[in-house]
Amino acid sequence: NPEALSTVHARGPDGGIVSTQPEPGVVSQSQAASQGSGRPEGLSSEDKAGRFGSGHHGATLSHPPVCTDVLASVDDILCVYTYASFSDGRGISIFTTPAVHEHFSQLLERHYSSPDPDINAGPSKWTSRFIRGKGIGVVATTALAYGEKLSSFTPVLLVLLDEQSLTPLEREHYLRTAILQLPAPTRSQFLALTRIYDDDRIEVQDIIKANSFELQVGGIMHLAVFPEISRLNHDCAPNAQYYMQPEALTHVLRATRDVREGEELSISYIEPLGSARKRGYHLKAAFHFMCGCDRCSDPDASDARMSKIHALHDAFQDWSWTEDDVPEVIGDLSFSPPPPSKHYNHPITNAAEYVIQLHNEEGLEGFLDTPFGHAALAYAGLKQEKPAMLYAKKALKALRLRFGPAGGANAEVWEGILRDGIRKHWSWGKRLGGNEGHHEL
Ligand SMILES: C[S@@+](CC[C@H](N)C(=O)[O-])C[C@H]1O[C@@H](n2cnc3c(N)ncnc32)[C@H](O)[C@@H]1O
């Protein structure tokens, strides 16, 4: 809320906002714990040794931690920790609790001990430029294929998601320290990012508001800023999609359909399966722009397709009916799939194919895991093994594209089906009615 942000009183821990850059210099964690600067008062020696780490690993703090007093909302202190040498001088700062920092430093240690050349290597497949009506955006510098990995970046700033215990100006003091301690090129790249409120007093929070992603560190939600990724504009029919890899501290971007050279790359900032009105409301409220993407430019057509998608989804979720009493939404459908996907001509599987087609028409190729899953089980329900297995494979691939190699919570179902076969799955033959034999191959 910009009003709230602009009416608070400054009560920075040292009487004001940091205006000079802290002295750079390499400080090990154990040194940091024994230095006066920024160290919270009243910590026991056990706290100092245990919570700031013993300096036993190679991930080395470049500045002494700068910490708050104990805050009620987190029942702990929060500190700024900076590793300026991280990833060949890209640097990284985190504002978090000492306990999370301990975990974080172990994650960093893995990067230091076995650096992955793919991480922070780009962007090699896109360039940023001005896009009319959208500010800066990114365009592909080469043709890209469905599923292709486009980048893998670590954040330059991570901030514990807790807005209760500090005033915006107090918070800004710490966040500004976090940014000032980063190496100069990274700091400039961060400060050049777009803002929402244009209020210099809360500049860093303003940039975070317009540019951050959620990333768990040690199971605790943090806001993360990846400056290269920040230049990606929104589209409700995005041609790229990202997932987080918390253990690697990375944001991974992939193409969700084939992309032409010169085409703008986009991600969805919001849940793209909602109505045009809902999407527009969220984009306006959170990011202060009106979406002019194809789906939002023809909201009636888009909403009509989305209503069908949702109605069919609900019908497929319900396993109480069989082919003898199909729900109206499926029975009414005179959809006949195009030849390449015409595995089997039946109203139930035709409806499942139709849902896939609707997603493609809406540009939602990155969200096909659920429709592929429905299709797999629709065919299984009619004992059609080959297409069921084909769609099980596609569902798993789509899940991995959306949620990363582990595939999220549903991956196990498809992995099990691909391992054991669809015939053992509970859905096998479940949609067959009284004339079951009729459909056997
Ligand atoms: C994360 S930034 C994206 C990069 C930004 N265009 C820039 O110049 O750095 C988010 C901001 O970009 C703008 N933006 C993103 N997608 C847009 C779109 N589809 N149409 C218009 N503006 C958009 C909005 O101002 C939004 O707050």
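An account of the accompanying structure is given in this report. (Residues numbered from 1 in each chain as written. Predicted model: local features only at pLDDT ≥ 70, side-chain atom pairs only at ≥ 80, totals over all residues. Heavy atoms only, no water.)

Overview of the site of the ligand
Taken together, 15 residues are adjacent to the ligand, and Lys134, Ile136, Arg231, Asn233 and His234 come closest. In this structure, a nitrogen atom belonging to the ligand sits 2.8 Å away from a side-chain N or O atom of Asn233. For the ligand, whose free accessible area comes to 560 Å², the fraction covered by protein is 89%. Contributing elements (two or more residues each) for the shell around the ligand: β5 (135-140), α8 (203-211) and β10 (233-234). When grouped by side-chain class, the residues that make up the shell around the ligand number 6 nonpolar, 7 polar and 2 charged. (Near = heavy atom within 4 Å. Polar contact = N/O pair within 3.5 Å; in protein donor to acceptor, adjacent residues only side chain to side chain. Areas by Shrake-Rupley, 256 points an atom, 1.4 Å probe, with all protein chains shown as cover. Helix = DSSP H or I, 4+ residues; strand = E, 2+ residues; numbered from the N terminus. Nonpolar A, V, L, I, M, F, W, Y, C, P; charged D, E, K, R; others polar.)

Comments concerning the state of the cysteines
Enumeration over the complete set of coordinates arrives at 1 disulfide. One disulfide bridge connects Cys67 with Cys79, the sulfur atoms lying 2.1 Å from each other. Here the S-S torsion is close to 110°, and the disulfide linking Cys67 with Cys79 is therefore right-handed. Of the two residues, Cys67 is situated in strand β1 (residues 66-67) and Cys79 in strand β2 (residues 79-83); the sequence distance between them amounts to 12 residues. Taking the relative accessible area as the measure of exposure, Cys67 reaches 11% and is therefore buried. With relative accessibility at 0%, the residue Cys79 sits in the buried group. The closest cysteine sulfur to the non-disulfide-bonded Cys236 is located on Cys296, 3.6 Å from its own sulfur. Unpaired in terms of disulfides, Cys293 finds its nearest cysteine sulfur in Cys291, a separation of 3.6 Å. (Disulfide = S-S within 2.5 Å. Buried < 20%, exposed > 50% of the residue type's maximum accessible area, 1.4 Å probe, protein only.)

A closer look at the side chain of Asn239
Note on placement: Asn239 falls in the loop between β10 and β11 (240-245). Among the residues examined, Asn239 registers a relative accessible area of 2% and is labelled buried. Polar side-chain contacts of Asn239 include one of 2.9 Å to the backbone oxygen of Glu264. Among the polar contacts listed, one links the side chain of Asn239 to the backbone nitrogen of Ser266, at a separation of 2.9 Å. Ignoring sequence-local partners within four residues, the contact set of Asn239 consists of Arg254, Ala255, Thr256, Arg257, Val259, Glu263, Glu264, Leu265 and Ser266. (Contact = heavy atoms within 4.5 Å.)

Digging into the environment of Ile220
Mapped onto the elements, Ile220 comes out in strand β9 (residues 220-225). On the basis of relative accessibility, which here comes to 39%, the residue Ile220 falls in the partly exposed class. Spatially, the C-alpha atoms of Ile220 and Asp76 are 14 Å apart, while their sequence positions differ by 144 residues. Excluding residues within four positions of it along the chain, Ile220 makes contact with Val100, Leu160 and Leu215.

With respect to the pattern of salt bridges
According to the stated counting rule, one finds 18 salt bridges in the structure shown. Here Lys125 ties to Glu148 by a salt bridge, and the two come within 2.9 Å at their closest N and O atoms. Remark: Glu148 occurs in the loop between β5 and β6 (149-153) and Lys125 occurs in the loop between α5 (98-113) and β4 (126-131); sequence separation between them is 23 residues. We classify Glu148 as partly exposed; its relative accessible area is 22%. Glu203 is paired through a salt bridge with Arg195; the nearest N and O atoms lie 3.1 Å apart. Residue Glu203 is classed as buried on the basis of its relative accessible area, which comes to 18%. Three or more residues are tied together by salt bridges with common partners; here these are Glu172, Arg176, Arg195, Asp200 and Glu203. (Salt bridge = Lys/Arg side-chain N within 4 Å of Asp/Glu carboxyl O.)

Regarding the environment of Lys125
When the C-alpha atoms of Lys125 and Ile348 are compared, they prove to be 41 Å apart, with 223 residues separating the residues in sequence. Aside from chain neighbours lying at most four places away, what touches Lys125 is Val139, Ala140, Thr141, Thr142, Leu144, Glu148, Lys149 and Leu150.

Quick word on the packing of aromatic side chains
Inspection of every chain in the model, using the stated rule, returns 10 aromatic pairs. Look at Phe95 and Tyr174: their rings are 5.3 Å apart centre to centre, the planes differ by 10°, and that puts the pair in the stacked class. Within this pair, whereas Phe95 is found in strand β3 (residues 92-96), its partner Tyr174 is found in helix α6 (residues 168-180), the two being separated by 79 residues in sequence. The exposure class assigned to Tyr174 is buried, which follows from its relative accessible area of 2%. Ring centres of Tyr269 and Phe287 lie 4.7 Å apart, and the angle between their planes is 55°; this geometry places the pair in the tilted category. Of this pair, Tyr269 sits in the loop between β13 (264-267) and α9 (276-287) while Phe287 sits in helix α9, placing them 18 residues apart in sequence. The exposure class assigned to Phe287 is partly exposed, which follows from its relative accessible area of 22%. (Phe/Tyr/Trp six-rings, centres within 6.5 Å; stacked < 30°, edge-to-face > 60°.)

Here we look at the sheet that holds strand β7 (residues 157-160)
Consider a sheet: its strands pair through backbone hydrogen bonds, and that pairing is either parallel or antiparallel. Within the open sheet, the 6 strands sit side by side as β1-β2-β3-β7-β9-β8. Their pairing is mixed. A single partner strand is all that each edge strand has here, and the edge strands are β1 and β8 (212-217). Taken together, the 6 bridges between β8 and β9 define a ladder with antiparallel strand orientation. Bridged to Phe213 within β9 is Ala224. (Pairing = 2+ DSSP bridges.)

Some words on the nonpolar core
Among the nonpolar cores identified, the biggest contains 39 residues, and Leu312, Phe316, Ile330, Phe372, Tyr391 and Trp414 are the most heavily contacted of them. Looking at this core, the elements with two or more residues in it are α11 (299-317), α13 (347-361), α14 (369-381), α15 (385-403) and α16 (411-420). Listed in part, the 36 residues of the second largest apolar core include Tyr81, Tyr83, Phe213 and Leu215. (Core = buried A, V, L, I, M, F, W, Y, C linked by side-chain atoms within 4.5 Å.)

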